[in-house]
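# Reading the structure
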Amino acid sequence: MAKQNQTLGEFIIENQSEFKYSSGELSRLINSIRLAAKVVNHEVNKAGLVDIIGAAGETNIQGEDQQKLDVYANDKFIQTLTNRNIVCGIGSEENDDFIAINSIDENNQNKYVVLMDPLDGSSNIDVNVSVGTIFSVYRRITPVGTPVTIEDFLQKGDAQVAAGYVIYGTSTMLVYTTGHGVNGFTLNPAIGTFYLSHPNMQFPETGHIYSINEGNYAHFPQGVKNYIKYCQEDEEDRPYTSRYIGSLVSDFHRNLIKGGIYIYPQTAKAPNGKLRLLYECNPMAFLAEQANGLATDGFQRIMDIKPTELHQRVPIFCGSRKMVEKAKEFMKNA
Ligand SMILES: O=P(O)(O)OC[C@H]1O[C@](O)(COP(=O)(O)O)[C@@H](O)[C@@H]1O
Ligand SMILES: [Mg+2]
Ligand SMILES: [Mg+2]
């Protein structure tokens, strides 16, 4: 039973037995994410100083200019996970291909793969708006003792054993699930410890906030246009409030606490939307469903989608159950 203000370390140990493969390895993996989050948090908090902000001068496989903090966060998470001798592979937004990692004994004994978005909301780094890190964890499907392959990464979201995010905002929080509900931990920067501040987080059944980049309105599918009109109508408990931070983690986190829906749909320009299935949409979908919410691509559950590529994109409708169901209705009837 989660105890308020329990430390993250205590919580991990106490809940280890809940996990069917519990051998302490997943706990060590979550602990290494905790460590990397603290290191990155320290750097993010300085994201006004000249040597921290701005572009790193490289472009990633998505064609985006990598920010210095994208690269820094990527390096820190890869380093920390590798040092813990716990993962056999990492897939990252900032690396074209997956990174195979052999166990220290060089017999490919590690069982987990991690997919991550090391710095989410990169466009907000230089303007002092909250950003995040997103992670998703799977057990490998190829035999232990052999090198990891792309198949270990292209698993449906339903096979995730853990997922979560770190939000670097007014406070720094780590929010995650291992399939037994969603819990949020706040970092006390003075002593560098995460404390359980948000036990058993739940999406309110419905809400009054919709989050979508309306700047793309002209290019949205008719179903999305109709749903936005519905949100803006002067009927019943509407109009809803439009809130869009432009960092998926921050928009998701606000809606998780207050009730709301986040939508990044397909557009005429981006027929599969913008967000990446493996390290943005699947982890948020696992969290959403574990918190009594929903996540679809407008038609089917995100976690039912069989991935085909490491960096594939999908449309996403995610948040309070009744709001996502309503949006789905509009997509179906458009
Ligand atoms: O500026 P847009 O097109 O609205 O996109 C914003 C979305 O893109 C993202 O920034 C993509 O994530 P990255 O910053 O990790 O590339 C999301 O966090 C955010 O919700
Ligand atoms: Mg992102
Ligand atoms: Mg990113």
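Fair warning: this is a prediction, and the values are worked out from it, not measured in the lab.

### Quick look at the UniProt feature "binding site: substrate" (unreviewed entry) in the chain
The feature "binding site: substrate" (unreviewed entry), as annotated in UniProt, sits at Asp120, Gly121, Ser122, Ser123, Asn213, Tyr244 and Lys274 in this numbering. Summarising the element assignment, Ser122 is placed in the loop between strand 5 (112–120) and strand 6 (131–139). Excluding residues within four positions of it along the chain, Ser122 makes contact with Gln67 and Asp70. Within the structure, the side chain of Ser122 is placed 2.8 Å from the side chain of Asp70, a separation counted as a polar contact. Locating Tyr244 in the fold gives a position in the loop between strand 12 (241–242) and helix 5 (248–258). For Tyr244, the contacting residues outside a window of four places in its chain are Ser211, Ile212, Asn213, Asp251, Tyr262 and Tyr264.

### Some points on the coordination of the magnesium ion (ligand 3)
Within the protein, Glu93 (OE), Asp117 (OD) and Leu119 (O) serve as the donor atoms for the magnesium ion (ligand 3), at 2.0 to 2.2 Å. Donor residues for the magnesium ion (ligand 3) sit on one chain with the sequence pattern E-x23-D-x1-L. The two metals, the magnesium ion (ligand 3) and the magnesium ion (ligand 2), are separated by 3.7 Å and share Asp117 as a common coordinating residue. Taken together, the residues span a long stretch of sequence, with Glu93 in the loop between strand 3 (87–92) and strand 4 (99–100) and Asp117 in strand 5 at a distance of 24 residues.

### Description of the coordination of the magnesium ion (ligand 2)
Around the magnesium ion (ligand 2), the protein supplies Asp117 (OD), Asp120 (OD) and Glu280 (OE) as donor atoms, at distances of 1.9 to 2.1 Å. Taken in chain order, the donor set of the magnesium ion (ligand 2) reads D-x2-D-x159-E.

### Focus on the sheet that holds strand 12
The strand order across the open sheet built from 5 strands is 12-11-13-15-14, with neighbouring strands paired in mixed fashion. Here the strands that pair on one side only, and so sit at the sheet edges, are strand 12 and strand 14 (293–296). For strand 13 (residues 261–264) and strand 15 (residues 316–320), the ladder comprises 4 bridges, and the chain directions are antiparallel. Along strand 15, the bridge assignment pairs Ile263 with Phe317. Each of strand 14 and strand 15 touches helix 6 (residues 277–290); the most contacted strand, strand 14, lies at about 150° to it. Sitting on the sheet, helix 7 (residues 321–333) touches strand 11 (209–211), strand 13, strand 14 and strand 15, and the angle it makes with strand 15 is about 145°.

### Side note on the site of ligand 1
Ligand 1 sits among 18 residues. The nearest are Asp120, Asn213, Tyr244, Leu248 and Tyr264. Between Leu119 and ligand 1, the recorded distance is 3.2 Å, taken from a backbone N or O atom to an oxygen atom. Between Arg276 and ligand 1, the recorded distance is 3.0 Å, taken from a side-chain N or O atom to an oxygen atom. Relative to its unbound accessible surface of 470 Å², ligand 1 loses 88% to contact with the protein. When contributions to the shell around ligand 1 are tallied by element, the ones reaching two or more residues are strand 5 and strand 13. Here the shell around ligand 1 gets 3 residues from one element, more than from any other, and that element is strand 5. Across the shell around ligand 1, the residue classes tally to 6 nonpolar, 5 polar and 7 charged. No fewer than three residues from each of domain 1 (8–198) and domain 2 (209–333) sit in the shell around ligand 1.

### Some thoughts on helix 5
Across the 11 residues of helix 5, 9 count as buried, placing the element largely inside the fold. Burial in helix 5 covers these residues: Leu248, Val249, Ser250, Asp251, Phe252, His253, Arg254, Asn255 and Leu256.

### So, the confidence of the model for the chain
The share of residues in the chain with pLDDT of 70 or more is 97%, and the mean pLDDT across the chain is 94. For this predicted complex, the interface score ipTM comes out at 0.98, alongside a pTM of 0.97.

### Focus: the packing of helix 5 against helix 6
Between helix 5 and helix 6, the least distance of the axes is 12 Å, while the angle of their chain directions is 10°. Classed by the angle they form, the pair helix 5 and helix 6 counts as roughly parallel. Side by side, helix 5 and helix 6 meet where Leu248, Val249 and Phe252 of the first sit next to Glu280, Met284, Leu287 and Ala288 of the second. Residues of the contact of helix 5 with helix 6, tallied by class, amount to 6 nonpolar, no polar and 1 charged.

### Concerning the packing of helix 2 (residues 25–44) against helix 3 (residues 68–83)
The interhelical angle for the contact between helix 2 and helix 3, taken along N-to-C directions, is 150°, at an axis separation of 9 Å. Taken together, helix 2 and helix 3 sit at an angle that is classed as roughly antiparallel. In this structure, helix 2 crosses over helix 3, and the sense of that crossing is right-handed. Contacts from Leu29, Ser32, Ile33, Leu35, Ala36, Ala37, Val39, Val40, Glu43 and Val44 of helix 2 reach helix 3 at Leu69, Tyr72, Ala73, Lys76, Phe77, Thr80 and Leu81. Of the residues that constitute the contact of helix 2 with helix 3, the class distribution is 13 nonpolar, 2 polar and 2 charged.

Rules used throughout
- Residues numbered from 1 in each chain as written.
- Chains lettered and ligands numbered in written order.
- Predicted model: local features only at pLDDT ≥ 70, side-chain atom pairs only at ≥ 80, totals over all residues.
- Heavy atoms only, no water.
- UniProt positions renumbered as here; feature names shortened; annotations may be inferred.
- Helix = DSSP H or I, 4+ residues; strand = E, 2+ residues; numbered from the N terminus.
- Contact = heavy atoms within 4.5 Å.
- Polar contact = N/O pair within 3.5 Å; in protein donor to acceptor, adjacent residues only side chain to side chain.
- Donors = N, O, S within 2.8 Å, 3.2 Å for Na, K, Ca; no water.
- Pairing = 2+ DSSP bridges.
- Axes fitted to C-alpha atoms, helices over the stretch in contact; angles between N-to-C directions.
- Near = heavy atom within 4 Å.
- Areas by Shrake-Rupley, 256 points an atom, 1.4 Å probe, with all protein chains shown as cover.
- Nonpolar A, V, L, I, M, F, W, Y, C, P; charged D, E, K, R; others polar.
- Domains from an automatic or database assignment.
- Buried < 20%, exposed > 50% of the residue type's maximum accessible area, 1.4 Å probe, protein only.
- pLDDT = per-residue confidence, 0-100.
- Parallel < 35°, antiparallel > 145°, perpendicular 65-115°, else oblique.
- Left-handed = near helix turned anticlockwise from the far one by under 90°.

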